[in-house]
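Secondary and tertiary structure notes
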Amino acid sequence: MAIKHSVFDLSVRDLVNRPGEMREERFSAPAPEQLGEGLVAVKEGAAIDLDVRLESVHEGILVTAEVDATADGECGRCLIELAVPVQVEFQELFGYHGGEAIEYEVQDDHVDLEPLIRDAVVLALPFQPVCRPDCPGLDPETGVRLADHPELVTPEHSDPRWAALAGFQASEDNGPDSMSGADQQREER
């Protein structure tokens, strides 16, 4: 029975036990499953571009990779569709099997990058993506997108819980060289 390898499972037969040898690969492959949950995710089948450097060292194969993908989803404020570029880098040592427990190891002269790619991409996704930093969101009463109707945007959203603090004025701070009124009185004595 043949072992089925993923598209991110790279052969390192030419590098195994040859410290100092190196190989670089550049390729694109479809995402094997959706990467991420919530408002944005790299959809299954979306292109993932990889720039990989494989280096043979005494302990195993050192993998350095740059991953580029596009996450699709919606703005967390106004709910329009958006595409977020995802660019991540990672470096990991795939050790040779030596009886010790290691997180990643060279198996059958291959290194499987899929779990590393999945972890790096998912951690790089924004938790609350926005279409633009100043997105005003939706009108709480009508549900219309405020960016399309600027006349509905109120200049200041006030929370009634903070109303008691509205009357307080901030004190002026003129820097470390300025003295307070009490310090000035002490100086005059």
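Rules used throughout
Residues numbered from 1 in each chain as written. Predicted model: local features only at pLDDT ≥ 70, side-chain atom pairs only at ≥ 80, totals over all residues. Heavy atoms only, no water. Helix = DSSP H or I, 4+ residues; strand = E, 2+ residues; numbered from the N terminus. Buried < 20%, exposed > 50% of the residue type's maximum accessible area, 1.4 Å probe, protein only. Contact = heavy atoms within 4.5 Å. Areas by Shrake-Rupley, 256 points an atom, 1.4 Å probe, with all protein chains shown as cover. Patch = residues over 30% accessible without salt bridge, like charges linked within 9 Å, V, L, I, M, F, W, Y side chains within 5 Å. Salt bridge = Lys/Arg side-chain N within 4 Å of Asp/Glu carboxyl O. Lys, Arg positive; Asp, Glu negative; His and termini not counted. Charge placed at Lys NZ, Arg CZ, Asp CG, Glu CD. Arc of directions from axis to C-beta. Pairing = 2+ DSSP bridges. Polar contact = N/O pair within 3.5 Å; in protein donor to acceptor, adjacent residues only side chain to side chain.

1. What to know about the overall build of the protein chain
For the protein chain, the helix and strand inventory stands at two helices and seven strands. For the protein chain, buried positions account for 29% of its 189 residues. Taking all contacts inside the protein chain whose residues are at least 6 apart in sequence as the whole, residues at least 24 apart take part in 57%. Carbon and sulfur atoms make up 48% of the accessible area of the protein chain, which totals about 13200 Å².

2. Quick word on unusual backbone geometry
Even without a glycine there, the phi angle at Asn17 is positive, about 55 degrees. Its place among the elements puts Asn17 in the loop between β1 (9–11) and β2 (22–30). On the basis of relative accessible area, Asn17 is assigned to the exposed category, the value being 57%. Positive phi, normally seen in glycine, also occurs at Asp108, with a value near 55 degrees. Structurally, Asp108 can be placed in the loop between β6 (81–95) and β7 (110–112).

3. Observations regarding the side chain of Arg23
Along the chain, Arg23 falls in strand β2. Other than its neighbours up to four places away in sequence, Arg23 contacts Ser11, Val12, Asp14, Leu15, Val52, Arg53 and Leu54.

4. Re a negative patch on the surface
Taken together, the side chains of Asp49, Glu66, Asp68 and Glu89 make up a negatively charged region of the molecular surface. Here Glu89 is to be found in strand β6. Overall, Glu89 belongs to the exposed group, its relative accessible area being 63%.

5. Re the pattern of salt bridges
The full count for this structure, using the stated rule, is nine salt bridges. Here Asp109 makes a salt bridge to Arg13, at a shortest N to O gap of 3.6 Å. Pair noted here: Asp109 is in the loop between β6 and β7 and Arg13 is in the loop between β1 and β2, with a separation of 96 residues, a long-range link. The class of Arg13 is exposed, set by a relative accessible area of 57%. Note that Glu55 and Arg53 form a salt bridge whose closest N and O atoms lie 3.2 Å from each other. Take Glu55: its relative accessible area is 22%, and that puts it in the partly exposed class.

6. Looking at helix α1 (residues 114–124)
If you check which residues of α1 are buried, you get Glu114, Leu116, Ile117, Ala120 and Val121. Within α1, the buried residues cover an arc of 160 degrees as seen down the axis, which keeps them to one side. Those residues of α1 that are buried are in contact with β4 (47–57), β5 (60–74), β6 and β7.

7. Brief notes about the pairing of β4
Of the two faces of β4, only one is covered, namely that formed by Ile48, Leu50, Val52, Leu54 and Ser56; the face formed by Ala47, Asp49, Asp51, Arg53, Glu55 and Val57 stays uncovered. Where β2 meets β4, nine bridges bridge the pair, whose relative direction is antiparallel. Pairing of Glu24 across the sheet is with Arg53, part of β4. Where β4 meets β5, nine bridges bridge the pair, whose relative direction is antiparallel. Counted as the bridge partner of Val57 is Gly60 from β5. Counted along the chain from β4 to the antiparallel partner β5, the turn is two residues long.

8. Focus on the side chain of Ser56
Residue placement: Ser56 occurs in strand β4. One polar contact links the side chain of Ser56 to the main-chain carbonyl oxygen of Leu15, over a distance of 2.7 Å. Separated by 3.0 Å, the side chain of Ser56 and the backbone oxygen of Arg18 make a polar contact.

Function-wise, these values are silent; they only describe arrangement.
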